[in-house]
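Residue-level listing of the chains:
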Amino acid sequence: MRGSGPRGAGRRRPPGGGGDAPSTPASLAGCSSAPRRAPLWTCLLLCAALRTLLASPSNEVNLLDSRTVMGDLGWIAFPKNGWEEIGEVDENYAPIHTYQVCKVMEQNQNNWLLTSWISNEGASRIFIELKFTLRDCNSLPGGLGTCKETFNMYYFESDEENGRNIKENQYIKIDTIAADESFTELDLGDRVMKLNTEVRDVGPLSKKGFYLAFQDVGACIALVSVRVYYKKCPSVVRHLAVFPDTITGADSSQLLEVSGSCVNHSVTDEPPKMHCSAEGEWLVPIGKCMCKAGYEEKNGTCQAPSPVTNVKKGKIAKNSISLSWQEPDRPNGIILEYEIKYFEKDQETSYTIIKSKETTITAEGLKPASVYVFQIRARTAAGYGVFSRRFEFETIPVFAASSDQSQIPIIAVSVTVGVILLAVVIGFLLSGRRCGYSKAKQDPEEEKMHFHNGHIKLPGVRTYIDPHTYEDPNQAVHEFAKEIEASCITIERVIGAGEFGEVCSGRLKLPGKRELPVAIKTLKVGYTEKQRRDFLGEASIMGQFDHPNIIHLEGVVTKSKPVMIVTEYMENGSLDTFLKKNDGQFTVIQLVGMLRGIAAGMKYLSDMGYVHRDLAARNILINSNLVCKVSDFGLSRVLEDDPEAAYTTRGGKIPIRWTAPEAIAFRKFTSASDVWSYGIVMWEVVSYGERPYWEMTNQDVIKAVEEGYRLPSPMDCPAALYQLMLDCWQKDRNSRPKFDEIVNMLDKLIRNPSSLKTLVNASSRVSTLLAEHGPLGSGAYRSVGEWLEAIKMGRYTEIFMENGYSSMDAVAQVTLE
Ligand code: AMP
């Protein structure tokens, strides 16, 4: 290290700087003709540029930063009179390492500067950021013949420091480095320094470390700093899953799939994953963790009250049990209330929940001489804690004494109480509150609800029940689907192929009923138990629905083989095929009628709490009266047997073209995502079965939609319908219309057919295309047709021509207005 004085007193000048002709480093270092420029130059470079740049982004991990090395860098110049280190120290007397070379007047230069060994710390792709100045050859008097304006960067991989006995030809070239801005004598006069920053990356690396080398072949360079780093996706907690620091992949386009682990007290159905991009960004989270029952999410963690442990019985009678308990050991907050769950032993699927602000309750209306199981949990602002262990208590027999010894049993009183209870029950029955939500009598602070199979039984409101909630799927099928004797069915012909077997048409003749045309789905022989379960799962779902726009289930055949699902027959089959076959054959009102039916069916499903996830024209059936019915219900298989469903990089199989962006990105399937799909179905219907986004790839569709692109209006589409489609495709799912609003809107249009006369005109379709793709980007194309083909809109060529946009010049003139 040859430097001595602190910054500001430095002797350095830019290589080739000063008025004297450049020749040797010695003359450069001397800078005698412009000694006062040096401090300013130094400060410009070191104060302004370097200091502010010292902090690296959090996803970059430095392996070497020449600006922060306190001692000797240990780099070697070869030959020795080529690159030289210019000694400088900053105001803290810390060395600043700058190397320069300026042999622009001499022929055949080959000056190497070799770094010391750099460990890659396990990274297989590294980045090298160079900061340098480079002199413009034109500004060098007499140097034009030999002067160069580039230098070369190389690397050599090795597992250990091997003394740098590496031959020149063993180095692998990374790149030739040129300056974006070279400087001239004039710049020096203006005191403007042009510091260049260039970044190159190298990979995949297979050894533990590497050397870098800089080769000068006759330029005038000052290498001011070298920073070597790799990128990582920094550790994050996303959706309650911890993702560790992850070094990016070796390939610049690689996405590394990283599994997250659930934070304490959380669990997952679908393992959380994210993708670490080569740029060190976390992308496309899949799956998530959820706080365990009794815990609530707060700032990326789950906390909650500890379980109630100390439960004591109080008064026990024939029909009631009183309990008391103590606050949990660790309430972890103020206890807002307790939830008491109880059920008759071995009858867990039918349980009652009482909520109480007190630490005592009396469960009433129990059967005499029966064992009841109680569990209690506390709720704080953070949510419910876990349930206590089970406590079992038995009611006393009818003629036995109450467990409370102060109470003398009197048969007459019991009978009276029984009669009163009976009267109360009858009263309830007559008032229409047969089951479901009722306020408990004993305490106005208590609430009581009855459950069956985990579902609140509320009169009049039907809710879809996921067959998965049944331990035995056969139980679900038989609860929701009628068993049909195979002898009642006549199979006539095969009409389609389903995932589990053939779909046939035929007739169903049930005793005492008239014969019906039916569709019969069969389960092929040799099925696995899971296939049988999934196959019948569709019937368990369909059997819960009863609506004119939902395919109606007649029943199932499970007691003989083949296993069958029997539904109403839809003469015209699936809607997409039907529309393609009948292109242009229907009036607008007929099309809107079809759409109205689908929307009504979807409103019914969303009211029931059922999210379809695979709404598409291919999954709508249409009968001979052009009535459309939503079909294709299933459990997990719904998406798996859809030929349109594609595996996304984000995992899972999703029919991309029909699916809302939030459902693709993070599996947020809701009735609002069904509304998005409904908008696509509208588009399919109005365009008579055209394929959404035509031949664009799924990846292009995802990207385009993410960037705001939406399907253009189909030909001859009423403006009101296209507007509704656009509303369904709002990015913000809460801004999309609800199905009941869609039904109302379509009803209005049907009542007022003149409102359908205003069509989206050709010129507005043109402007949509321009808005999406921009006339600016069109400059590269020779003809309008070529441009439209390139953006997959070739089908609009005719419209463009008809509207006078026959040349790219004309297109370029069009403003968005
Ligand atoms: P799926 O397995 O439900 O997709 O049915 C396969 C094919 O069978 C459908 O695309 C329809 O063409 C036909 N299909 C299914 N159900 C019926 C039905 N109820 N009425 C008429 N055709 C049907």
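Look a little higher up for the structure.
Predicted model only: the values in this text are computed from it and were never measured.

Explanation requested: the overall build of the protein in the structure shown.
Secondary structure assignment for the protein yields 18 helices and 43 strands. The proportion of buried residues among the 817 residues of the protein is 49%. For the protein, contacts bridging at least 24 residues in sequence account for 66% of all contacts bridging at least 6. Looking at the protein as shown, the accessible area adds up to about 38500 Å², and 51% of this sits on carbon and sulfur atoms.

What exactly am I supposed to notice about the pattern of salt bridges here?
Note that side chains of opposite charge can pair when their charged atoms are close. Under the definition given, this model contains 26 salt bridges. The partner of K603 in a salt bridge is D607, with the nearest N and O atoms 2.7 Å apart. One end of the pair is K603 and the other is D607, both in helix α8 (residues 588-607) and four residues apart, which spans about a single turn. Residue classification places K603 among the partly exposed positions, given a relative accessible area of 29%.

What is the right way to look at helix α6 (residues 529-542) in this model?
An α-helical turn contains 3.6 residues, so any two residues separated by three or four positions project in the same direction. Given a rise of 1.5 Å per residue, 14 residues ought to cover 20 Å, and the 20 Å separating the end C-alpha atoms of α6 matches this to within 8%. With 10 of 14 residues buried, α6 lies mostly within the body of the structure. Taken together, the buried positions of α6 are occupied by R532, D534, F535, L536, G537, E538, A539, S540, I541 and M542.

Help me out: how do you make sense of the site of the ligand in this one?
Of all residues adjacent to the ligand, which total 15 residues, the nearest are A519, K521, T567, E568 and M570. E568 has a polar backbone atom sitting 2.9 Å from a nitrogen atom of the ligand. Among the secondary structure elements, those contributing two or more residues to the shell around the ligand are β35 (489-497), β37 (516-522) and β39 (564-568). Looking at the shell around the ligand, the element that brings in the most residues is β35, giving three residues. Its residues assigned to classes, the shell around the ligand comprises eight nonpolar, four polar and three charged.

How do you make sense of the state of the cysteines when you look at a structure like this?
Under the defined criterion, the tally for this structure stands at four disulfides. Each sulfur in the disulfide pair C233 and C276 lies 2.1 Å from the other. Every disulfide takes its handedness from the sign of the S-S torsion; for C233 and C276 that torsion is 95 degrees, giving right-handed. Of this pair, C233 sits in strand β12 (residues 220-233) while C276 sits in strand β19 (residues 273-276), and the two are 43 residues apart along the sequence. Per residue, the accessibility class of C233 equals that of C276, and both read buried. Two residues share a disulfide in this structure: C262 and C289, whose sulfurs sit 2.1 Å from each other. Of note, the bridge from C262 to C289 carries an S-S torsion of about -80 degrees and is left-handed in sense. On the criterion of sequence distance, the pair formed by C262 in strand β17 (residues 261-262) and C289 in the loop between β20 (282-286) and β21 (290-291) is long-range, its members being 27 residues apart. Using a relative accessible area of 26% as the deciding quantity, one classes C262 as partly exposed.

How should I be thinking about the packing of aromatic side chains in this particular structure?
Each aromatic ring pair is specified by the distance between its two centres and by the angle formed by the two planes. Applying the stated criterion across every chain, the model contains 24 aromatic pairs. Plain terms: the ring middles of F127 and Y229 are 5.4 Å apart, the flat faces sit at 10 degrees to each other, and that makes the pair stacked. Here F127, found in strand β7 (residues 126-134), pairs with Y229, found in strand β12; they are 102 residues apart in sequence, far enough to count as distant. Summarising the burial analysis for this pair, F127 and Y229 share the class buried. On the basis of an interplanar angle of 80 degrees and a centroid distance of 5.5 Å, the ring pair of W683 and W694 is categorised as edge-to-face. In this pair, W683 sits in helix α11 (residues 671-686) while W694 sits in the loop between α11 and α12 (698-706), placing the two residues 11 residues apart along the sequence. Of the two residues, W683 and W694, neither departs from the other in class, the shared state being buried. Ring pairing ties together the aromatic residues Y464, F545, Y604, Y610 and F633, which thus form one cluster.

Is there a simple way to explain the nonpolar core in this structure?
Where a protein is soluble and globular, its nonpolar side chains tend to be buried together. If you look at the biggest cluster of nonpolar residues, it comprises 82 residues, and the most contacted ones within it are F545, L575, I598, F633, Y678 and L746. Considering each element in turn, this core owes the most residues, 10 residues, to α8. Each residue touching L746, except ones within four places of it in the same chain, is listed here: V592, L595, R596, A599, Y678, L721 and L724. Judged by nonpolar contacts, the second largest core, of 33 residues, contains L73, W83, V101 and I126.

What should I look at first to understand the sheet that holds β39 in this one?
Remark on secondary structure: sheet strands pair via backbone hydrogen bonds, oriented parallel or antiparallel. As summarised here, the arrangement of the five strands in space is β35-β36-β37-β39-β38, forming an open sheet in which the pairing is antiparallel. The open sheet has two free edges, formed respectively by β35 and β38 (553-557), since each of these has just one partner strand. Ignoring strand direction, the axes of neighbouring strands in this sheet form an average angle of 25 degrees. Pairing between β38 and β39: four bridges, direction antiparallel. Note on β39: the bridge partner recorded for V557 is M564. On top of the sheet, α6 reaches β37, β38 and β39; it is set at about 35 degrees to β39, its chief contact.

Sorry, what's going on with the sheet that holds strand β13 (residues 236-238) here?
Ordered by their spatial adjacency, three strands build an open sheet running β13-β14-β17, and the pairing between neighbours is antiparallel. With partners counted over all chains shown, the strands left at the sheet margins are β13 and β17, one partner each. As paired strands, β13 and strand β14 (residues 241-243) are joined by three bridges and run antiparallel to one another. Each residue of the ladder has a partner; that of R238, found in β14, is A241.

Help me understand the pairing of strand β10 (residues 196-202) in this model?
Successive residues of a regular strand alternate their side chains across the two faces of the sheet. Burial of the side chains of β10 is restricted to one face: N196, E198, R200 and V202 are buried, whereas none of T197, V199 and D201 on the reverse face is. Sheet topology places β7 next to β10; seven bridges connect them, and they run antiparallel. Among the inter-strand pairings, I128 is bridged to a residue of β10, identified as R200.

What should I look at first to understand the packing of helix α5 (residues 473-480) against α6 in this one?
Two quantities define a packed helix pair, namely the angle between the helix axes and the distance between the axes. Relative orientation of the contacting elements α5 and α6 amounts to 30 degrees, with a least axis distance of 9 Å. Relative to α6, α5 is oriented roughly parallel. α5 and α6 meet at a crossing whose hand is left-handed. Residue-level inspection shows P473, N474, A476, V477 and F480 of α5 in contact with α6, the latter providing R532, R533, L536 and S540. Among the residues making up the contact of α5 with α6, the classes are represented as five nonpolar, two polar and two charged.

Honestly, the side chain of T248 in this entry has me stumped. Any pointers?
Residue placement: T248 occurs in the loop between β15 (246-247) and β16 (256-259). Aside from chain neighbours lying at most four places away, what touches T248 is S124, K231, K232, L256, C276, S277, A278 and G280.

Explain the packing of α11 against helix α13 (residues 719-728) here, please?
Direction vectors running N to C along α11 and α13 enclose 150 degrees, while the axes themselves pass 8 Å from each other. For the element pair α11 / α13, the angle class is roughly antiparallel. Judged by the sense of rotation from one axis to the other, the crossing of α11 with α13 is left-handed. Note on element contacts: α13 touches α11 through L721, L724, M725 and C728, opposite V675, W676, Y678, G679, M682, W683 and V686.

Conventions adopted
Residues numbered from 1 in each chain as written. Predicted model: local features only at pLDDT ≥ 70, side-chain atom pairs only at ≥ 80, totals over all residues. Heavy atoms only, no water. Helix = DSSP H or I, 4+ residues; strand = E, 2+ residues; numbered from the N terminus. Buried < 20%, exposed > 50% of the residue type's maximum accessible area, 1.4 Å probe, protein only. Contact = heavy atoms within 4.5 Å. Areas by Shrake-Rupley, 256 points an atom, 1.4 Å probe, with all protein chains shown as cover. Salt bridge = Lys/Arg side-chain N within 4 Å of Asp/Glu carboxyl O. Expected span 1.5 Å × (residues − 1). Near = heavy atom within 4 Å. Polar contact = N/O pair within 3.5 Å; in protein donor to acceptor, adjacent residues only side chain to side chain. Nonpolar A, V, L, I, M, F, W, Y, C, P; charged D, E, K, R; others polar. Disulfide = S-S within 2.5 Å. Phe/Tyr/Trp six-rings, centres within 6.5 Å; stacked < 30°, edge-to-face > 60°. Core = buried A, V, L, I, M, F, W, Y, C linked by side-chain atoms within 4.5 Å. Pairing = 2+ DSSP bridges. Axes fitted to C-alpha atoms, helices over the stretch in contact; angles between N-to-C directions. Parallel < 35°, antiparallel > 145°, perpendicular 65-115°, else oblique. Left-handed = near helix turned anticlockwise from the far one by under 90°.

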